Amino acid sequence: MSKVPVAPAKEGAENEPEMPSIMRLKSRHGRGISVRPGGAEMANVYRSQLNECVVEDKKTFLPRGGIIVSTVAGDIQFGIPPETIKDSMKLGITVPTYFVILGEMFDRQAGLNMAEFEFPAYFNFFCLKKRVTLICMPDLEARVRAIFTETLLGPEAGHCMGEMDHGGECNETAHPNFREEGYYLDGMRRDLNVDTLIQFKTFDAKSEVSIDDKVKIKYDLFTKSYKVIDVTVKNKEVAKVEEKFSRGPKRRDDEDDAADGDEEPIKEPAPVDNDRKPFETPKFGITILGSSHGFDPNGSTTGFVIWVNGRGIMVDPPPGSSQALEKLSIPHRLIEGIILTHCHADHDAGTFQKILKEQAVKIYTTQTIFNSFMRKYSAISGFGPEFLKQLFTFHPVKIGVPVEFYGAKFNFYYSFHTIPCVGFELELDGESMCYSADTNSDPTVVEKMFAEKAIGQQRRDMLINKSPLRGDHSLIFHEAGVPPIHTPMNLLVDLDAHIKSKMFVVHVTGSQIPSDSGLKQANVFDTVLIDMDHDLGTEEEGGEGVHALQRLLQTLNVLPNFSPSAIASIRSSMSVKEYPSGTSIASEGSPITSFTIFTAGRADESASHSNLINRSYFCGDYAGETSFVNDNAHKFTITAKTNVHTIDIPMEVLKPLLDSCVGETEKFLEDIKAYARLQTDGTWSALGQNVVFKEFTNLQRKDFFNFLEPKEEFELGQSIDIQSCGILVLEGEVQVLLDPSSVEDEDDLSTYRGKNNRMDFIDSQVSSGAFLCDINSVLNEKMTYVTCEALSNVVVRRLSRGGLIQFLTRYPGLMVQLLDTRILTLEGIE
């Protein structure tokens, strides 16, 4: 086995040229516009995934995941994660034409589509003039066709909700005819269909597929693996690929095998950086998560966070954007919504990843785009649309009707693209920004369409009058790309200098922007902001400091909403500290003298005893809460894993403020005391012995504890009822049984992935840390056939159906992980 390093992007990478300074620019109201750098090293978060490529005999393990097997019939790729073609392009490997969909298309843990065939198909067809071959199980072909029909041609006319999408003063002449506009942009689309770009090969009754009579792929149901066989060499097996999605070869436990040198363990990528600084949420700003397109091997697809009064709304989150937020020390709970502009894979691939991360969010888009997104991801995930809708809140937007978000107003409009796509304007306190989304902003094309009666009067007026090229905004984010389905670069180059000075070009590589054009591309992780406070001088310095701290505490959601006088008291006594990586923040046994709030970086805890979870602390977490229950010594050591920033509030100041409050603040104190008591309880230890629960964030752990009922004890031989509830085993051993032959109605054994994926026989003995729950029967209010019996004296804590549903509704990613399960232990899930 060998390792092929992937060449890292150069510092100031070629796709991210040096950006012209805009530090001295002023907005239309005289406020300063500036760029807060995210840090050159920080931008390597995406590149850290591309640390190295592992080659093992005929198999190449791609950095993003998936395996390419070299055969006499050509390269065959198993597994298709988002942006997979970028791995091949960066490695200098020809993008394969054969792709095998591994098992289920949707990775529930990652929240990603692991059968993202759109861009491999586009690249092969439009760039290489080839058709890809998708190899899959017969039942997946119909789902793939549904997905690709939706993204290639957009929704059928009957699925376009013209009346529902428009409001205000819009009439029928404002409604786009999406497919006709797509045909107008690109005439060859009239002759395109799924079969133009994709050839399907499905496994036959023997679970085999033949490729050009040279190679045979055989699926082994027992081992859940694929064997690649060279028919031309006496049916020689050349490779074996496990069905479970892989990011590298497995480690071997057998020391002798490891010593043979056949396989080396893959090293974890080195930390990208240690320099974590607190992220100050702007009153009005944009943090760039990606600014390139789906064919750029060195860049991430375009997406960003818009900040309004300290709260974020994410636009088209790229894959890996959750990791990007953590690198920037931005708590996930600050992002309260997602704007989905359209359903091409380079814009929607990271959406479910964000939906399933920590707390539930809102999705903002039109009814037409939302319905298309539901049809697409229902086909990808195998979950029905009604179930998917439980995972988030849909906020429909209407063209012509403003949408309020923390004091700002969004106005949406349909851009000019091949499928339904929305751009928008945003206004806050007299300042504004706009985003073109994917579009062709060439006014001559729009006027020609109108003259030929391809669009109506209001549609024409909206495309012309809402065009970002008019320069009516404080900040402009505009796409460019290969015409006719994107805006030609020369159109932007020819704009007036004052418009270009406030414009950021996205959806392109930096090398596509002429160096002398006056145009710029924002660097990944930079934050572009309008200084809404200081330039206007509306507050005195001391007053602004109090308000800034109040915004920070509200943003982190750590402490309750104190009065300005209480905030002033905290501010005058608190300490702002920085700890270099590797230094101690608190020592086991040392006195707790302050309430520590983490504002950046990561710290880990360790203890000499074993009944505690070894937590990690990130931005928005806190330590010292056990002091509220008269436990005044740290029970663990906290060490900075990266550079860590904290705010320390003396307990002698904070406790009296909390003790003197009532209402919401009083409840906060009760909750934090309960949380502190559980840290010396067997509950805390049990969670640390569970494969899913041990990964809880501190906020998830706190909420989970709040739903647990008091301890129950069972003696040897007693039955433990899990009907309509879940139980967490704190002590003892439990026998868990499920005999499918005893189930009268087969529907009771079907999973959320359909009747073909039935529950298996269960006969397991579990102990402390196990969570026992027939999650499907709880959610559907059906009887469970799982029985549990105490094999010793057993102590459990119960989670009622109501509590479980509330918890899973708050954290939809956990719901998706737990579906179809009965047992969660440290070893795994059944």
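Note that the coordinates shown come from a computational prediction; the quantities given were computed from them, not determined experimentally. (Residues numbered from 1 in each chain as written. Predicted model: local features only at pLDDT ≥ 70, side-chain atom pairs only at ≥ 80, totals over all residues. Heavy atoms only, no water.)

Chemist: Describe the overall build of the chain, and please don't skip the residues or the numbers.
Modeler: Within the chain, the secondary structure is distributed over 25 helices and 44 strands. Across the 830 residues that make up the chain, the buried fraction comes to 57%. Taking the intrachain contacts of the chain between residues at least 6 apart in sequence as the baseline, contacts between residues at least 24 apart amount to 72%. Accessible surface computed for the chain: about 33,900 Å², of which carbon and sulfur atoms make up 48%. (Helix = DSSP H or I, 4+ residues; strand = E, 2+ residues; numbered from the N terminus. Buried < 20%, exposed > 50% of the residue type's maximum accessible area, 1.4 Å probe, protein only. Contact = heavy atoms within 4.5 Å. Areas by Shrake-Rupley, 256 points an atom, 1.4 Å probe, with all protein chains shown as cover.)

Chemist: Go over the packing of helix 1 (residues 84-91) against helix 2 (residues 118-127) with me, naming the residues and quoting the values.
Modeler: Each pair of packed helices gets described by two things: the angle between the helix axes and the distance between those axes. Put simply, helix 1 and helix 2 touch, their axes get as near as 8 Å, and they point 50° apart. When the interaxial angle is binned, helix 1 and helix 2 end up oblique. Only Phe119, Pro120 and Phe123 of helix 2 make contact with helix 1, whose side of the interface consists of Thr84, Ile85 and Met89. Taken together, the residues of the contact of helix 1 with helix 2 break down into five nonpolar, one polar and no charged. (Axes fitted to C-alpha atoms, helices over the stretch in contact; angles between N-to-C directions. Parallel < 35°, antiparallel > 145°, perpendicular 65-115°, else oblique. Nonpolar A, V, L, I, M, F, W, Y, C, P; charged D, E, K, R; others polar.)

Chemist: Explain the side chain of Ser291 to me, and be specific about the residues and the numbers.
Modeler: Summarising the element assignment, Ser291 is placed in the loop between strand 16 (284-290) and strand 17 (303-308). Not counting the four nearest positions on each side in its chain, Ser291 is found in contact with Ser300, Thr301, Thr302, Val506, His507, Val508, Gln521, Ala522 and Val524.

Chemist: Tell me about the sheet that holds strand 26 (residues 475-479), residues and numbers included.
Modeler: The six strands are arranged 22-23-24-25-26-27 in an open sheet whose pairing can be described as mixed. Bordering the open sheet on either side are strand 22 (403-405) and strand 27 (503-506), each of which pairs with just one other strand. The mean inter-strand angle of the sheet, taken between neighbouring strand axes irrespective of direction, is 20°. Note: strand 25 (residues 431-435) against strand 26, three bridges, orientation parallel. What sits directly across from Cys434, in strand 26, is Ile476. (Pairing = 2+ DSSP bridges.)

Chemist: Talk me through the nonpolar core; I want residue IDs and the actual numbers.
Modeler: Ranked by internal contacts, the top residues of the largest apolar core, which has 143 residues, are Ile306 and Phe704. Ranked by size, the runner-up nonpolar core spans 21 residues in total, among them Ala73, Val209, Val215 and Tyr219. (Core = buried A, V, L, I, M, F, W, Y, C linked by side-chain atoms within 4.5 Å.)

Chemist: Go over the packing of helix 13 (residues 443-451) against helix 14 (residues 457-465), please, and point to the residues and values.
Modeler: The N-to-C vectors of helix 13 and helix 14 enclose an angle of 175°; their axes lie 10 Å apart at closest approach. Judged by the angle between their axes, helix 13 and helix 14 are roughly antiparallel. Contacts from Pro443, Val446, Glu447 and Phe450 in helix 13 reach Gln457, Arg460, Leu463 and Ile464 in helix 14. Looking at the contact of helix 13 with helix 14, its residues break down into five nonpolar, one polar and two charged.

Chemist: I'd like a rundown of the pattern of salt bridges, residues and numbers included.
Modeler: Tallying each qualifying case throughout the model produces 31 salt bridges. Between Asp774 and Arg822 there is a salt bridge, with the nearest N and O atoms lying 3.3 Å from each other. Within this pair, whereas Asp774 is found in the loop between strand 41 (771-772) and helix 23 (775-780), its partner Arg822 is found in the loop between helix 25 (812-818) and strand 44 (823-824), the two being separated by 48 residues in sequence. Residues Asp774 and Arg822 agree in their burial class; the two are buried. Because the salt bridges share partners, they merge into one network encompassing Arg64, Glu83, Lys86 and Asp87. (Salt bridge = Lys/Arg side-chain N within 4 Å of Asp/Glu carboxyl O.)

Chemist: Lay out the side chain of Asp296 with the relevant residues and their values.
Modeler: Along the polypeptide, Asp296 turns up in the loop between strand 16 and strand 17. This buried residue, Asp296, is left without a salt bridge; Lys86 holds the nearest opposite charge, at 6.0 Å. (Lys, Arg positive; Asp, Glu negative; His and termini not counted.)

Chemist: Tell me about the confidence of the model for the chain, and please be specific about residues and values.
Modeler: On average, residues of the chain score 84 in pLDDT, and 84% of them are at 70 or above. Predicted confidence in the chain is weakest over helix 7 (residues 255-259), with a mean pLDDT of 38, and strongest over strand 7 (residues 98-100), with 98. Confidence drops under a pLDDT of 50 for residues 250-272, and excluding neighbours within four residues, the segment shows 31 contacts in the predicted structure. Scored below 50 in pLDDT, residues 534-543 shows 10 contacts in the model against residues more than four places distant or in partner chains. (pLDDT = per-residue confidence, 0-100.)

Chemist: Give a description of the environment of Met489 that names residues and reports values.
Modeler: Mapped onto the elements of the fold, Met489 is located in helix 15 (residues 489-493). Overall, the relative accessible area of 15% leaves Met489 in the buried class. It is 9.4 Å that separates the C-alpha atoms of Met489 and Val508, two residues lying 19 residues apart in sequence. Beyond its immediate stretch of four places on either side in the chain, Met489 contacts Ala480, Val505, Val508, Gln512, Ile513, Pro514 and Leu519.

Chemist: Which residues make up the state of the cysteines, and what are the values?
Modeler: Scanning the model with the defined rule gives zero disulfides in all. With no disulfide of its own, Cys725 has Cys773 as its nearest cysteine by sulfur position, at a separation of 7.0 Å. (Disulfide = S-S within 2.5 Å.)

Chemist: Give me the lowdown on the pairing of strand 28 (residues 527-530), citing residues and values where you can.
Modeler: Side chains Thr527 and Leu529 project from strand 28 onto one buried face, and the interleaved Val528 and Ile530 project onto a second face that is buried too. Both strand 2 (residues 33-36) and strand 28 contribute to a ladder of four bridges, which runs antiparallel. Note that in strand 28 the partner of Ile33 across the bridge is Ile530. As paired strands, strand 16 and strand 28 are joined by three bridges and run antiparallel to one another. By the bridge assignment, Thr287 is partnered in strand 28 with Thr527.

Chemist: Go over the sheet that holds strand 37 (residues 711-714), please, and point to the residues and values.
Modeler: If you trace the five strands from one edge of the open sheet to the other, you get 37-43-38-41-44, paired in antiparallel fashion. Looking at strand neighbours, the two that pair on one side only are strand 37 and strand 44, the edges of this open sheet. As paired elements, strand 38 (residues 725-731) and strand 41 share two bridges and run antiparallel to each other. Bridged to Ile727 within strand 41 is Leu772. Strand contacts of helix 24 (residues 801-810): strand 38, strand 41 and strand 43 (794-800), with the helix running at about 65° to strand 43, the strand carrying the most contacts.

Chemist: Give me the environment of Val144: which residues, what numbers.
Modeler: By secondary structure assignment, the location of Val144 is in helix 3 (residues 138-152). The class for Val144 is buried, based on a relative accessible area of 0%. Spatially, the C-alpha atoms of Val144 and Met105 are 9.6 Å apart, while their sequence positions differ by 39 residues. Excluding its chain neighbours within four sequence positions, the residues that come into contact with Val144 are Ile101, Met105, Phe117, Leu134 and Phe200.

Chemist: Requested: an account of helix 22 (residues 698-707), with residues and values cited.
Modeler: Each α-helix winds once per 3.6 residues, and so residues spaced three or four apart point in a common direction. The element helix 22 is largely enclosed, with a buried count of nine among its 10 residues. Of the residues making up helix 22, those classed as buried are Asn698, Leu699, Gln700, Arg701, Lys702, Asp703, Phe704, Phe705 and Phe707.

Chemist: Which residues make up the pairing of strand 36 (residues 644-650), and what values do they have?
Modeler: Burial analysis of strand 36 places seven of its seven residues in the buried class, which makes it a mostly covered element. With burial as the criterion, each face of strand 36 is covered, one bearing Val644, Thr646, Asp648 and Pro650 and the other bearing His645, Ile647 and Ile649. Across five bridges, the pairing between strand 29 (residues 575-579) and strand 36 is antiparallel. Opposite Val576, over in strand 36, you have Ile647 as the bridge partner. Where strand 31 (residues 594-600) lies against strand 36, six bridges are found, and the strand directions are antiparallel. Note on strand 36: the bridge partner recorded for Ile597 is Ile647.

Chemist: I'd love a proper account of the packing of aromatic side chains, names of residues and values included.
Modeler: If you walk through the whole model with that rule in mind, you get 43 aromatic pairs. Residues Phe178 and Tyr414 carry aromatic rings whose centres are separated by 4.9 Å and whose planes lie at 75° to one another, so their mutual orientation is edge-to-face. In this pair, Phe178 is assigned in helix 5 (residues 178-185) and Tyr414 in strand 23 (residues 408-414), connecting sequence segments 236 residues apart. In this structure Tyr414 comes out as buried when scored by relative accessible area, which is 1%. Here the aromatic rings of Phe304 and Tyr435 are separated by 5.0 Å at their centres, their planes lie at 90°, and the arrangement is edge-to-face. With a gap of 131 residues between them, Phe304 in strand 17 and Tyr435 in strand 25 connect regions that are remote in the sequence. Like Phe304, the residue Tyr435 is buried in the burial classification. Three or more aromatic residues joined by ring pairs form one cluster here, namely Phe304, Tyr364, Phe405, Tyr406, Phe410, Phe412, Phe424, Tyr435, Phe477 and Phe504. Seen from the ring of Phe279, Arg36 lies directly overhead, with NZ or CZ sitting 5.3 Å from the centre. Sitting above the plane of the Phe504 ring, Lys520 keeps its charged end 5.2 Å from the centroid. (Phe/Tyr/Trp six-rings, centres within 6.5 Å; stacked < 30°, edge-to-face > 60°. Lys NZ or Arg CZ within 6 Å of the ring centre and 35° of its normal.)

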